[in-house]
Amino acid sequence: MNRGMMVSISVGTLLSALLAGCGASSAPPSTQSQATGNTDPGSNKPVTVTFWYGIGGQLSQQIQQMVQQFNRTHPGIHVVATYQGSYSGGGAEQQKLLAALKAGDPPDIAQIEVHSMPLFASSGKLADITSLMNQSASDRPTNFLQGMLASTQFHGHSYGLPFNRSVPVFYYNKALFASAGISSPPATWGQLTQDAAKLTRGSGDNKVYGFEPLVDWWPWEYEVMSSGGTILSSDGQSATFGQANAVGILEAESKLVQSGDAMVESGPNYWDLMISDFAHGKVAMDIDSIGSAGEIASEINHKFQWGTAILPTYQGHKLEVPPGGGDIAMMSGIPEQQQKAAWTFMQWWTSPAQDATWSMMTGYLPTQTATVNLASYQAFLKKNPQYQVALSELKYQVSPPASPDYLTVVQDVQQGLQAIFDEGKPVSSTMQQVAGQVDHDLQSMGN
Amino acid sequence: MVIARWREKSLGWLMIAPYLVFVAVFVIGPLVYVAVLSTYRWNLLSPRPVRVGFQNYVYLWNSSVFRESVTNSLLLAIGMFVFSLPLGFFFAVLLNMKLRGTVIYRSILFSSYVVPLTASGLVFTLLLNTHDGLVNRVLEQFGRQPIDWLGSSHYALWSVLMVSVWQYVGYYMLIFLAGLQNVPEALMDSCRVDGGSRWRTLWHVTLPSISPNVFFAIVVCLIQSFQTFDQVYVMTDGGPDNATSTLTYYLFSKGFQMADVGPAAAASVVLLVILALLSLLQMAIGRRWVVDEP
């Protein structure tokens, strides 16, 4: 090969690199094309509503089932639901939605993770459904369970309906509790620490640990708020989670790890690994989403008794629990026909019959008071008492800071939590450092 | 005469027009747009991006995460240079010995390069799993404690490097092999006749003969290393505690996970400058030692 060729090949590689980088932000997938063409008002064809969601695997199939049922029972409307990758904060569905909104070609409705609502709502790209809700028979704000709407509102206006919602709850292995002589789950962190020591036994591969903290920013919100602290200042401009009153529970968890009474999972599959540790009796207690209850039950498969409890409180501070999961929102500026059809679908989804079906099928929380009162749901609760705990926790729900820049906060925090639990760095100084980092980020963003 | 020349010229432009359009739309356009974005504060959605001049660059300068990401990219580039290039050369020399089964080995060695990075990332995530990954199981056989390959900041970057080396070694091997097969037999023979040892032949005949290939491999290796993304995205999400965050992962995470476009655009401009400088530097150095064929 001669030099000219070398140079052109290397330049070519460099350019293709740039191209590859640009590809990520380019147009949304082709699903959109299915939506067009059917909206001619003169024709008898049903109105097509496009719906992007981000829960995969079995849950995705369950969404498709529900959508099929809707389409069967509503001949004038055809909902096309498409899985777009994870809806989690910063996940693929969110990235695609950002790009699609920017490109002016978004779906009609989309699932939005509860912590991302401020980002999308503040942009004016979501339809304000406050008056639609007030006029709705099925979705009046008072119809929903207490705390359910916290994440759907931004600056006093409603931008979404609760869709797949969860809260973190406390899980414990009743068999291990019994053999350690403990009769009930801990109500406070003081008790939890003592119980963890009693429950820990054995060594090596066969060691059973009392507790396992989930190294994740979602339970961290509970840990900050219930320690008596706050995450951001009330104006959303600076981080307050590094202060002494915000790190109490984190300190307690870190001490348990250091004393060998708790274990930690790391790496990309940390969450699944924690579920598996609990299901295999490797840990006696952990904090996990109520949405994981179904998976845990099937993994344990009646090998031992287990239960859920309300999250423990810390030194007399009020319990505050973050919402989890996602809401469903309509994009602003879509044609009126689509708007009506989309709203019909959203109301259908949250009305008690579907709300109950979805909730019993997946383990996500019911969203309406009427759903909980249904005989079928009451029967379900009797059979699956672990969900009762999540319902009683709802009244402690506090929405996370309504900052459009909140995704930055949680990404920074996630790295800080890894520093504490994966690398054993000290809690207080690490969180102060992360708070400084977040301050730096918030100043630069200032949206 | 003039018309004929003009015709010839316009035909030339016409011929390269498709390429020019492509480059303008997909390369030059985005490049300029990114440079412009890097002077704004914006979350992709808000209707009014705020002009902030060079503040995003100042932000990067003061950001410990950005510095860590640049360092990690550099370490990966050095690691790839130190491990994958010599290893690729070693395999190329072996394959060039015309032993039996060369074709099979060549295919096997090259095959890892054909596997999509995401797929190999997933496979290695399983192999490197702390509790039941194959790697730790093998270590246990030798009485070693299991290692937290992806969850410990001491090992995570090494794991990413290991996957990158595995992925690319076949590619460099092929580049070297192409060069080796062009080294004139007569030159090797004459060196041997003059009493040159194998090492001397390698050093004074083989390497200079394939210097264009070596040069090319180094340039591509460094550029590729600075683009390390898929492995990180699949295996570690940049963690733990940013231990595996690379420059490209940083700008992706900032721009698309945190919707903070300004610093992300600024970071990609920095990446462009680094890569351009590296390429220029190499071309300047390469001029001294790359021996072109006549």
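Residues numbered from 1 in each chain as written. Chains lettered and ligands numbered in written order. Predicted model: local features only at pLDDT ≥ 70, side-chain atom pairs only at ≥ 80, totals over all residues. Heavy atoms only, no water.

1. Here's the deal with the overall build of chain A
- Counting its regular elements, chain A contains 18 helices and 11 strands.
- When each of the 447 residues of chain A is scored for burial, the buried share is 58%.
- Sequence-distant contacts in chain A: of pairs separated by 6 or more residues, those separated by 24 or more amount to 72%.
- If you sum the accessible surface of chain A, you get close to 16,900 Å²; carbon and sulfur atoms cover 51% of it. (Helix = DSSP H or I, 4+ residues; strand = E, 2+ residues; numbered from the N terminus. Buried < 20%, exposed > 50% of the residue type's maximum accessible area, 1.4 Å probe, protein only. Contact = heavy atoms within 4.5 Å. Areas by Shrake-Rupley, 256 points an atom, 1.4 Å probe, with all protein chains shown as cover.)

2. Re the side chain of Glu265 of chain A
- As for its placement among the helices and strands, Glu265 of chain A is situated in the loop between helix H9 (248-258) and helix H10 (270-279).
- Within the buried set, Glu265 of chain A has no salt-bridge partner at all; the shortest N-O distance to an opposite charge, 4.9 Å, is to Lys282 of chain A.
- For Glu265 of chain A, the residues in contact, after removing those within four places along its chain, are Glu212, Val215, Tyr270, Leu273, Met274, Asp277 and Asp422 of chain A together with His131 of chain B. (Lys, Arg positive; Asp, Glu negative; His and termini not counted. Salt bridge = Lys/Arg side-chain N within 4 Å of Asp/Glu carboxyl O.)

3. Concerning the packing of helix H2 (residues 57-73) of chain A against helix H13 (residues 352-362) of chain A
Residue and element names in this part refer to chain A.
- The interhelical angle for the contact between H2 and H13, taken along N-to-C directions, is 160°, at an axis separation of 11 Å. In terms of orientation, H2 and H13 fall into the roughly antiparallel class. Considering the relative orientation of H2 and H13, their crossing is right-handed. Contact residues: H2 offers Leu59, Gln62, Ile63, Gln65, Met66 and Gln69, while H13 offers Gln354, Thr357, Trp358, Met361 and Thr362.
- Of the residues belonging to the contact of H2 with H13, the class tally is five nonpolar, six polar and no charged. (Axes fitted to C-alpha atoms, helices over the stretch in contact; angles between N-to-C directions. Parallel < 35°, antiparallel > 145°, perpendicular 65-115°, else oblique. Left-handed = near helix turned anticlockwise from the far one by under 90°. Nonpolar A, V, L, I, M, F, W, Y, C, P; charged D, E, K, R; others polar.)

4. Observations regarding empty space enclosed by the protein
- Summed over the entire model, instances satisfying the criterion amount to two cavities of 30 Å³ or more.
- When its volume is computed, the largest cavity comes out at roughly 100 Å³.
- Ser266, Gly267, Pro268, Asn269 and Leu273 of chain A together with Thr125, Leu128, Asn129, Thr130, Asp148, Leu150 and Gly151 of chain B together form the lining of the largest cavity.
- Approximately 40 Å³ is the volume attributed to the second largest cavity.
- Lining the second largest cavity, in full, are Val215, Glu265, Ser266, Gly267, Tyr270, Gln418 and Asp422 of chain A.
- Among the residues forming the lining of the second largest cavity, the class breakdown is two nonpolar, three polar and two charged. (1 Å grid on protein atoms, 1.4 Å probe; cavity = no way out; pocket = protein on both sides within 12 Å on 5 of 7 lines; lining within 4 Å. Points joined across faces, edges and corners; volume = space filled by probe spheres on them.)

5. Some remarks on the pairing of strand E10 (residues 306-309) of chain A
Residue and element names in this part refer to chain A.
- Residue alternation in E10 divides its side chains into two sets, Trp306 and Thr308 and Gly307 and Ala309, and both sets are buried.
- Here strand E7 (residues 168-173) runs beside E10; their pairing, made up of four bridges, is antiparallel. By the bridge assignment for E10, Asn173 is matched with Trp306. (Pairing = 2+ DSSP bridges.)

6. Structural notes on the environment of Pro106 of chain A
Residue and element names in this part refer to chain A.
- Residue position: Pro106 is located in the loop between helix H3 (92-103) and strand E3 (109-113).
- Residue Pro106 is classed as buried on the basis of its relative accessible area, which comes to 18%.
- With 225 residues separating them in the primary sequence, Pro106 and Met331 have C-alpha atoms 7.5 Å apart.

7. Here we look at the domain arrangement of chain A
Residues and elements named next belong to chain A.
- As assigned here, chain A comprises domain 1 (44-166 + 323-396) and domain 2 (168-322 + 404-445).
- The interface is formed by 22 residues belonging to domain 1 together with 23 residues belonging to domain 2.
- Together domain 1 and domain 2 conceal approximately 1,800 Å² of surface at their shared face, both sides included; 66% is due to carbon and sulfur atoms.
- Joining domain 1 to domain 2, the criterion identifies zero salt bridges.
- Looking at the side of domain 1 that touches domain 2, the elements that each hand over two or more residues are helix H4 (117-122) and helix H16 (386-393). (Domains from an automatic or database assignment. Buried area = accessible area lost by both parts, 1.4 Å probe.)

8. Focus: the environment of Met133 of chain A
Residue and element names in this part refer to chain A.
- If you trace the backbone, Met133 turns up in helix H5 (residues 130-135).
- Overall, Met133 belongs to the buried group, its relative accessible area being 0%.
- Separated by 28 residues in sequence, Met133 and Leu161 have C-alpha atoms that sit 9.1 Å apart.
- Setting aside chain neighbours within four positions, we find Met133 in contact with Asp139, Arg140, Pro141, Phe144, Leu149, Ser158, Gly160, Leu161 and Trp343.

9. What to know about the sheet that holds E3 of chain A
Residue and element names in this part refer to chain A.
- On the basis of which strands lie adjacent, the open sheet formed by five strands has the order E2-E1-E3-E11-E6 and mixed pairing. With partners counted over all chains shown, the strands left at the sheet margins are strand E2 (77-83) and strand E6 (161-166), one partner each. Each adjacent strand pair in this sheet contributes to an overall mean axis angle of 20°, direction not counted.
- With five bridges joining them, E3 and strand E11 (residues 324-330) adopt antiparallel strand pairing. Bridging from a neighbouring strand, Ile109 pairs with Met330 of E11.
- The strands that H2 touches are strand E1 (47-53), E2 and E6; relative to E2, the one it contacts most, it runs at about 170°.

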